[in-house]
Amino acid sequence: MRTQVAIVGAGPAGLLLGQLLHRHGIDNVIVERRSADYVLGRIRAGVLEQGMVDLLHEAGVGARVDAEGIPHDGFEMALGERRVRIDLAALTGGKRVTVYGQTEVTRDLMAARREAGLTTLYDAEEVALHGIESESPHLECRYNGEWMRLECDYIAGCDGFHGVSRQSIPATRLTTFERDYPFGWLGLLARYPAGTP
Ligand SMILES: Cc1cc2nc3c(=O)[nH]c(=O)nc-3n(C[C@H](O)[C@H](O)[C@H](O)COP(=O)(O)OP(=O)(O)OC[C@H]3O[C@@H](n4cnc5c(N)ncnc54)[C@H](O)[C@@H]3O)c2cc1C
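Residues numbered from 1 in each chain as written. Predicted model: local features only at pLDDT ≥ 70, side-chain atom pairs only at ≥ 80, totals over all residues. Heavy atoms only, no water.

**Describing the overall build of the protein chain**
Here comes step 1: Along the protein chain, the regular secondary structure elements total 7 helices and 12 strands.
Here comes step 2: Expressed along its principal axes, the backbone C-alpha trace of the protein chain runs to roughly 60 × 40 × 30 Å.
Here comes step 3: When burial is assessed residue by residue, the protein chain has 32% of its 197 residues classed as buried.
Here comes step 4: In the protein chain, 62% of the contacts between residues at least 6 apart in sequence involve partners at least 24 apart.
Here comes step 5: Accessible surface computed for the protein chain: about 13100 Å², of which carbon and sulfur atoms make up 53%.
Here comes step 6: Taking the average place of the 21 positive charges on the side chains of the protein chain and the average place of its 27 negative ones, the gap between the two points comes to 4 Å. (Helix = DSSP H or I, 4+ residues; strand = E, 2+ residues; numbered from the N terminus. Buried < 20%, exposed > 50% of the residue type's maximum accessible area, 1.4 Å probe, protein only. Contact = heavy atoms within 4.5 Å. Areas by Shrake-Rupley, 256 points an atom, 1.4 Å probe, with all protein chains shown as cover. Lys, Arg positive; Asp, Glu negative; His and termini not counted. Charge placed at Lys NZ, Arg CZ, Asp CG, Glu CD.)

Quick look at the structure:
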């Protein structure tokens, strides 16, 4: 099998990249080690920042997040008896966050991929990257019990920190971009009737 871009991982990063590439006329195949049902059932994020919602629109999959997402212009922090409102919209020139599950983002992107006739190989085992420093890289994996080879121009590793892509990059070539903050945060989502103190 041959494609322009072989993408490892069908999480939000891989699916969104595939959709954006497709909209720019670039063919791609996603190789995912889990089943589609497993990926869809994996409960994770619930809050999307403005940039992500904008990107979903750019990718042509913004209709449902507009219809079903719950926008929040700010949030409250409770400090003992005191409640402090953080007005995101006022502080950022109108930006807001949207409550919309990662599973729903995944569902929208999977549907767009199906509609576009793009290939996703779910349940691919023992995915391995080869020739990544050459002009003709390729992926190998076991798919439906058989070994298969996916030729491509580029490999995009969207399989997370612990995935096979990161491990395949030679240490001398790997550059890590990250910012460590001296604090962490915990978000709690709650549904309660309006006016409840
Ligand atoms: C509990 C929780 C709550 C979160 N809440 C939020 C939130 O509110 N807002 C927010 O913005 N973010 C949140 N996040 C973070 C968000 O879920 C991640 O940033 C997001 O999932 C990253 O997407 P990704 O596509 O990069 O990686 P992943 O979603 O991890 O996808 C990687 C994919 O690669 C596949 N894969 C791995 N190894 C291989 C391999 N060897 N071969 C083939 N495929 C492979 C995996 O099966 C997976 O499908 C939360 C995360 C967690 C765990």
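**Focus: the pattern of salt bridges**
Here comes step 1: Considering all chains together, one arrives at 12 salt bridges under this definition.
Here comes step 2: Residue Glu68 pairs with Arg64 through a salt bridge whose shortest N-O separation is 3.1 Å. Taken together, the residues span about one helical turn, with Glu68 and Arg64 both in helix H4 (residues 63–68) at a distance of 4 residues.
Here comes step 3: For Arg64, a relative accessible area of 24% translates into the label partly exposed.
Here comes step 4: Across the pair Glu104 and Arg107 runs a salt bridge, and its minimum N-O distance is 3.4 Å. Of this pair, Glu104 and Arg107 both sit in helix H6 (residues 102–116), 3 residues apart, which is roughly one turn of the helix.
Here comes step 5: One salt-bridge network, held together by shared partners, links Arg64, Glu68, Glu104, Arg107 and Asp108. (Salt bridge = Lys/Arg side-chain N within 4 Å of Asp/Glu carboxyl O.)

**Some thoughts on the packing of helix H1 (residues 12–23) against H6**
Here comes step 1: The geometry of H1 relative to H6 is characterised by a closest axis approach of 10 Å and an angle of 35 degrees between their N-to-C directions. H6 is crossed by H1, and the crossing has left-handed handedness. Along the contact surface, H1 presents Pro12, Leu15, Leu16, Gly18, Gln19 and His22, while H6 presents Gln102, Thr106, Leu109, Met110, Ala112, Arg113 and Ala116. (Axes fitted to C-alpha atoms, helices over the stretch in contact; angles between N-to-C directions. Left-handed = near helix turned anticlockwise from the far one by under 90°.)

**A closer look at the domain arrangement of the protein chain**
Here comes step 1: Annotation of the protein chain at the domain level lists domain 1 (1–44 + 101–197) and domain 2 (46–54 + 67–99).
Here comes step 2: The gap between the C-alpha centroids of domain 1 and domain 2 is 28 Å.
Here comes step 3: Counting residues at the interface gives 6 residues for domain 1 and 6 residues for domain 2.
Here comes step 4: For the pair domain 1 and domain 2, the two sides together bury roughly 510 Å², of which 70% comes from carbon and sulfur.
Here comes step 5: One can count 0 residue pairs in polar contact (both at pLDDT 80 or more) joining domain 1 with domain 2. (Domains from an automatic or database assignment. Buried area = accessible area lost by both parts, 1.4 Å probe. Polar contact = N/O pair within 3.5 Å; in protein donor to acceptor, adjacent residues only side chain to side chain.)

**Some points on the packing of aromatic side chains**
Here comes step 1: Applying the stated criterion across every chain, the model contains 1 aromatic pair.
Here comes step 2: Centre to centre, the rings of Tyr181 and Phe183 are 5.6 Å apart; their planes meet at 40 degrees, and the pair counts as tilted.
Here comes step 3: In this structure, Arg34 packs its charged tip against the face of Tyr38, placed 4.3 Å from the ring centre.
Here comes step 4: Between Arg142 and the ring centre of Trp147, over which it is positioned, the NZ or CZ distance is 5.9 Å. (Phe/Tyr/Trp six-rings, centres within 6.5 Å; stacked < 30°, edge-to-face > 60°. Lys NZ or Arg CZ within 6 Å of the ring centre and 35° of its normal.)

**Looking at the sheet that holds strand E1 (residues 5–8)**
Here comes step 1: An order of E8-E2-E1-E12 is seen for the 4 strands of this open sheet, with the pairing classed as parallel. Across the chains shown, the open sheet's two edge strands, defined by having one partner strand only, are strand E8 (119–121) and strand E12 (154–157). This sheet shows a mean twist of 20 degrees between the axes of neighbouring strands, independent of strand direction.
Here comes step 2: Of the strand pairs in this sheet, E1 and strand E2 (residues 28–31) are connected by 4 bridges, and their pairing is parallel. Paired with Val8 across the two strands is Val31, which belongs to E2. (Pairing = 2+ DSSP bridges.)

**Here we look at a nonpolar patch on the surface**
Here comes step 1: On the surface, a cluster of nonpolar side chains totalling about 210 Å² of accessible area is made up of Ile132, Ile169 and Leu174.
Here comes step 2: When you line up the elements, Leu174 lands in the segment after helix H7 (164–168).
Here comes step 3: Owing to a relative accessible area of 34%, Leu174 belongs among the partly exposed residues under this scheme. (Patch = residues over 30% accessible without salt bridge, like charges linked within 9 Å, V, L, I, M, F, W, Y side chains within 5 Å.)

**Let's talk about the side chain of Thr120**
Here comes step 1: Within the element layout of this structure, Thr120 appears in strand E8.
Here comes step 2: A distance of 2.7 Å separates a polar atom in the side chain of Thr120 from a polar atom in the side chain of Arg113.
Here comes step 3: With residues near it in sequence (within four places) discarded, Thr120 still touches Ala10, Ile30 and Arg113.

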